[in-house]
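Chain by chain, the residues run as shown.
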Amino acid sequence: MYEPSIIGFLCNWCSYRGADAAGMARLKYPPNVKIIRVPCSGRISPELVLRTFREGADGVLVLGCHIGDCHYSTGNHRTAKRMPVLKKLLEYTGIDPERLVINWVSAAEGEKFSIVIKDFTEKIRALPPFVETMK
Amino acid sequence: MTEKVGVYVCHCGSNIAGTVDVADVSKWAAEELQHLGVVVARDYKFMCSSLGQELIEKDINELGLTRVVVASCSPHLHEPTFRNACARAGLNPYLFEMANIREQDSWVTTDKVEATKKAKALIAAAVGRVVHQQPLNSLFVPIDPNVLVVGGGITGIQAALEIANSGQKVYLVEREPSIGGHMAQFDKTFPTLDCSACILTPKMFDVGNHKNITLLTWSEVEKVEGYIGNFTVTIRIRARFIDQGLCTGCGVCWEKCPKKVVDDVFEAGMGKRKAVYTPFPQAVPKYPVIDHDNCTYFLKGTCKACQKFCPTGAINFEQQDEIITVKVGNIILATGFDLFDAHRMPQYGYDRLPNVLTSLEFERLSNAAGPTGGKLVLKDGVTAPKSVAIVHCVGSRDKNYNAYCSSICCMQSLKFAHLVHEKTGAEVYNCYIDIRTPAKGYEEFYQRLLEEGTHFIRGKVAEVTNSARIPEEEGKLIVQVEDTLIGKQRRIPVDMVILSAALESRHDAKQVAQKFGISCSADEWFIERHPKLDPVATMTDGVFVAGACQGPKDIPACVAQGAAAAARVLSIIGQGEIEIEAATAIVDETTCVGCTQCVSSCPYQAIEFLTDMGKAHVIEALCKGCGTCVGTCLPKSISLKHFTDEQLVSEMIGAMQVMKSFQLMEVA
């Protein structure tokens, strides 16, 4: 059976700690997502996401603080504006925009984090492997 | 130059080793990651122990490692530990990287094979990244020794006094006209039954007269800018309409004021105050406040009775709010709690049936300085109750409202039972879910209550009603409860019901958290840096939390946290300067096109545009290292140290290659 490879870019202060909170609560979720820690979701440039798809990732997850909660006050405002544009660009280049998900997870939301991971993994699993769609 | 990487896989007892095959992972890393520069990989029971750290130091010295990867817990827990170990062995701490195989692997993955594979992918990612990491030198900035304490309850008072007594300057900001907080409203404190005011007011007096404390009551923090060591705080001092330089606190104004208002704050709606008032006689500061919304002069344009009679001419109806800015190096938040609104549980009849009181209302009723002078009477103002029911866990330990235990209500309810018994001799029924008396002297107090003859009924009260079924219930409040110890429904007719309401986070806790750049839990309590080992610090350096704003707490715990936060702040001040983020942004001037996108994206105004050169430039001391500019820069001229594209892409490729190789193995 096909196991999707997913990369998650998580901000250090809210979402990465939310992922830690899921661990502390021993909430189980699929192992497909490998997390890369960035200081702020605002650091995630569109090129980084595109590069990740180029390496064959089946899905990319971008998680940041809720709007208003950003450790850097407004870094995630950029993410909120940037990612929908990137989704349009993905569509234009022939990549299913559903393969990119942006969500907000706070440091307290371990449960939400585990649900986001479960849902996204299932969604990606239902799609064909990314490399096959690019042939 | 090829780097020499050492990989260390931690067992964390069985926390990791129970799910991840650590020996296999370490063997795999040594063999399969050689091409990336791994020269040694070891697994060890506890990498964070001194022996574990020595293992790393020894390898750096003997094998000449140039990079170190530890696969263990979250970097939020032990990154500083291992960075220090590297530094001790002479390796720049930024040449270290961590793979989180506990919180994000062994604790969340059920399948052992999958967990082991995930650990390998995470380690490959970390190794991929670490070889591209560059040594960085930390910046040091001086610490402003002044401290801001927000909230003048017992926690804030304790914190402010500790700091001020050490010789540092404190700004204590309080929203209400006086400091004292909830503790000033209480009658007695459990389990010793000290008079609350008697132990609190001397501390309040000390705050009011301390040469190192600037007390700003009737004030609120509007804006916080800056970072640890260098905060600039904007504070609004609301107009009191009293000239503090002239007022002596003599009290003539509130004696002469003709307007009476129900005091919803200090008296919890049980008593009245005037439109010009101090909340209570021992208020600190002693200056009154004119209640703008209720003052006859402000409503109708005439009256000015207070002004006519004030012997010093201190009344000033023209006074405006004042905005001040102060510079501080550290901030302690001690903003306390709100009481659960008992209206939300209509089945208990609060505000609908007479003589159903909340805990705070009972405190005022019982208080010798309260509206009845401490006489426990029913709504008619004369009759003493012959029977009283105390309902525990109103709004706590209840999924419909707050799932958590409010921690103080059991002891508070026992205290109420004792006071009712002592003052009126009434029969007291405590309806509880569980009795929780875990602190020093608390269980003994419970035993004392049992001996005093209080009735304890184990069951959650279903309803408080006045509809009588039998003649004995006529004119009474009937408490409907299942006594789970005997398995029977009971209807207890009583004269008074006290609802031990839950402690909740402040209604505006979320906004306050945003203002100070810290996080809230789902219940909107402020989140501490670590629940056990760092209970008063937050993820934002220089901002500390203490007392009930972090979670329900009794007075001893609040005092301890106030003092703890003060100690943390003093230890920072004592260092004189503090290390700040070395991972700042940097502009490559050869490729910068001067589009200024980065300038407008920066949340800290840390990027300036050099007009003469037509290039952007990062002011390092202001840069907090978020990298938002990097995500914005089109020609890729800005990079963020320690989070460069090369580092992140290599980390991603490291993980992707391992995941893909496992897939291919499975297909084959």
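Residue positions are given per chain, counting from 1 as you read along its sequence in written order. All chains are assigned letters beginning at A, and all ligands numbers beginning at 1, according to the order in which they are written. Thresholds applied to this predicted model are a pLDDT of at least 70 for local features of residues and 80 or more for the giving and counting of side-chain atom pairs; totals over whole chains, interfaces and linings are not thresholded and use all residues. Excluding hydrogens and water, the side-chain figures rest on all heavy atoms present in the structure.

1. Side note on the packing of aromatic side chains
What counts here: In this analysis, rings of Phe, Tyr and Trp, with Trp reduced to its six-membered ring, are considered paired at centre separations within 6.5 Å, and the interplanar angle assigns stacked below 30 degrees, edge-to-face beyond 60, and tilted for intermediate values. The helix count covers DSSP runs of H or I at least four residues long, the strand count covers runs of E at least two residues long, and both are numbered beginning at the N terminus. Remark: exposure states derive from per-residue accessible area (1.4 Å probe, protein chains only) relative to the maximum for the residue type, with buried under 20%, exposed over 50%, and partly exposed in between. The criterion is that NZ of a Lys, or CZ of an Arg, lies within 6 Å of the ring centre and within 35 degrees of the ring normal, and then a charge sits over that ring.
Evaluated as defined, the whole model comprises 16 aromatic pairs over all chains. Judged by centre distance (4.4 Å) and plane angle (40°), the rings of Tyr297 of chain B and Phe317 of chain B are tilted. In this pair, Tyr297 of chain B sits in helix 9 (residues 296-300) while Phe317 of chain B sits in the loop between helix 10 (305-309) and strand 17 (322-328), placing the two residues 20 residues apart along the sequence. For the residue pair Tyr297 of chain B and Phe317 of chain B, the accessibility class agrees, reading buried in each case. Each ring, one from Tyr404 of chain B and one from Trp525 of chain B, has its centre 5.7 Å from the other, and the planes form 70°; the classification is edge-to-face. Here Tyr404 of chain B, found in the loop between strand 21 (387-394) and helix 12 (409-424), pairs with Trp525 of chain B, found in the loop between helix 14 (509-516) and strand 29 (543-545); they are 121 residues apart in sequence, far enough to count as distant. Trp525 of chain B matches Tyr404 of chain B in its accessibility class, with the two residues each being buried. Counting every residue linked through ring pairs, the aromatic cluster contains Phe241, Tyr297, Phe298 and Phe317 of chain B. For Arg37 of chain A, the ring lying beneath its charged end belongs to Tyr16 of chain A, and the centroid distance is 5.4 Å. Its end group placed over the ring of Phe662 of chain B, Lys117 of chain B keeps NZ or CZ at 5.8 Å from the ring centre.

2. Digging into the pairing of strand 7 (residues 170-173) of chain B
Residues and elements named next belong to chain B. Stated formally: In this description, strands pair whenever DSSP reports at least two bridges between them. When the strands point away from the viewer, a crossover counts as right-handed if the route from the first strand across the helix to the second turns clockwise.
Alternating residues of strand 7 divide into Val170 and Leu172 and Tyr171 and Val173, and every residue in both groups is buried. Pairing of strand 6 (residues 147-150) with strand 7, which is carried by four bridges, proceeds in the parallel orientation. Paired with Val147 across the two strands is Val170, which belongs to strand 7. This β-α-β element, strand 6 to helix 6 (residues 154-165) to strand 7, shows right-handed connectivity. Direction of pairing for strand 7 relative to strand 10 (residues 213-216): parallel, over a ladder of four bridges.

3. Observations regarding the state of the cysteines
Using the following cut-off: Any cysteine sulfur atom paired with another within 2.5 Å is treated as part of a disulfide.
For the structure shown, the criterion picks out two disulfides over all chains. For Cys14 of chain A, the disulfide goes to Cys65 of chain A, at an S-S distance of 2.4 Å. In this structure the cystine formed by Cys14 of chain A and Cys65 of chain A twists about its S-S bond by roughly 100°; its chirality is therefore right-handed. Residue Cys14 of chain A is located in the loop between strand 1 (6-11) and helix 1 (15-24), and its partner Cys65 of chain A is located in the loop between strand 3 (59-64) and helix 3 (75-93); the two are separated by 51 residues in the primary sequence. On the basis of relative accessibility, which here comes to 3%, the residue Cys14 of chain A falls in the buried class. With relative accessibility at 3%, the residue Cys65 of chain A sits in the buried group. For Cys405 of chain B, which is in no disulfide, the shortest distance to another cysteine sulfur is to Cys409 of chain B and amounts to 6.4 Å.

4. Quick notes on the domain arrangement of chain B
Residue and element names in this part refer to chain B. Worth spelling out the cut-off: An automatic or database domain assignment provides the domain bounds reported here. Contacts were defined at the residue level, with two residues in contact if any of their heavy atoms lie within 4.5 Å. The term buried area denotes the loss of accessible surface (1.4 Å probe radius) that occurs when two parts are joined, taken as the sum for both partners. In protein, a polar contact means a hydrogen-donor-capable atom and an acceptor-capable atom, both N or O and within 3.5 Å, with residues adjacent in sequence counting only if both atoms are side-chain atoms; elsewhere, any N or O pair within 3.5 Å suffices. Note that Gly is not counted as nonpolar here; it falls among the polar residues with everything else outside the nonpolar set of Ala, Val, Leu, Ile, Met, Phe, Trp, Tyr, Cys and Pro and the charged set of Asp, Glu, Lys and Arg.
In terms of domains, chain B is made up of domain 1 (5-136), domain 2 (141-237 + 325-336 + 506-580), domain 3 (239-320), domain 4 (340-503) and domain 5 (585-640). On the domain 3 side, the residues contacting the 14 residues of domain 2 number twelve residues. Roughly 1,100 Å² is buried in total at the junction of domain 2 and domain 3, and carbon and sulfur atoms are behind 65% of that figure. Contact with domain 3 buries area across many residues of domain 2, yet Pro177, Gln185 and Trp218 alone supply 43% of it, more than any other trio. The tally of links between domain 2 and domain 3 comes to seven residue pairs in polar contact (both at pLDDT 80 or more). In terms of residue count, the dominant contributor to the side of domain 2 that touches domain 3 is helix 7 (residues 196-209) (four residues). Its residues assigned to classes, the side of domain 2 that touches domain 3 shows eight nonpolar, five polar and one charged.

5. Structural notes on helix 3 of chain A
Here is the rule: Multiplying one less than the number of residues by 1.5 Å gives the expected span of a helix.
For helix 3 of chain A, spanning 19 residues, the distance from its first C-alpha to its last is 27 Å, which sits close to the expected 27 Å at 1.5 Å a residue. All buried positions along helix 3 of chain A are accounted for by Gly75, Asn76, Thr79, Arg82, Met83, Leu86 and Leu90 of chain A. The secondary structure elements touched by the buried residues of helix 3 of chain A are helix 2 (46-54), strand 3 and strand 4 (100-104) of chain A together with helix 17 (628-632) of chain B. Once helix 3 of chain A finishes, Gly94 of chain A follows within two positions and takes phi at roughly 90°, a positive value.

6. Details of the nonpolar core
Nonpolar side chains in soluble globular proteins tend to end up buried together. All names here are of chain B. Note the cut-off: We define the nonpolar core as a collection of buried residues of types Ala, Val, Leu, Ile, Met, Phe, Trp, Tyr and Cys that are connected through side-chain atoms lying within 4.5 Å of one another.
Among the nonpolar cores identified, the biggest contains 87 residues, and Val7, Val68, Ile123 and Ile638 are the most heavily contacted of them. It is helix 5 (residues 112-130) that provides the largest number of residues to this core, a total of ten residues. Residue contributions to this core reach at least three from each of two domains, namely domain 1 (5-136) and domain 5 (585-640). The residues touching Val68, leaving out its near neighbours within four places in the chain, are Gly6, Tyr8, Ile56, Ile60, Cys86, Leu91, Leu95, Phe96, Glu97 and Val130. Within the second largest apolar cluster, 38 residues are counted, among which are Val141, Ile163, Met204 and Ile332.

7. As for the sheet that holds strand 4 (residues 96-100) of chain B
Residues and elements named next belong to chain B. The line we're drawing: Lines fitted to C-alpha atoms define the axes here, with helix axes fitted over just the stretch in contact, and angles between the N-to-C directions of these axes take values from 0 to 180 degrees.
One open sheet accounts for four strands, arranged 2-1-3-4; its pairing is parallel. Only two strands of the sheet have a single neighbouring strand rather than two, namely strand 2 (38-44) and strand 4. Strand after strand, the sheet turns through a mean of 15° between neighbouring axes, direction not considered. Where strand 1 (residues 5-10) and strand 2 come together, six bridges link them in parallel fashion.

8. A short note on the sheet that holds strand 1 of chain A
In any sheet, the strands associate via hydrogen bonds between backbone groups, in a parallel or an antiparallel arrangement. Residue and element names in this part refer to chain A. The strand order across the open sheet built from four strands is 2-1-3-4, with neighbouring strands paired in parallel fashion. Looking at which strands have only one partner, the edges of the open sheet turn out to be strand 2 (33-38) and strand 4. Taking the axes of each pair of neighbouring strands and ignoring which way they run, one obtains an average angle of 20° across the sheet. Examined bridge by bridge, strand 3 and strand 4 share five bridges and lie parallel to one another. Its bridge partner lying in strand 4, Val60 is registered against Leu100. In the packing of helix 4 (residues 110-126) onto the sheet, contacts are made with strand 1, strand 2, strand 3 and strand 4, and the angle to strand 3 comes to roughly 160°.

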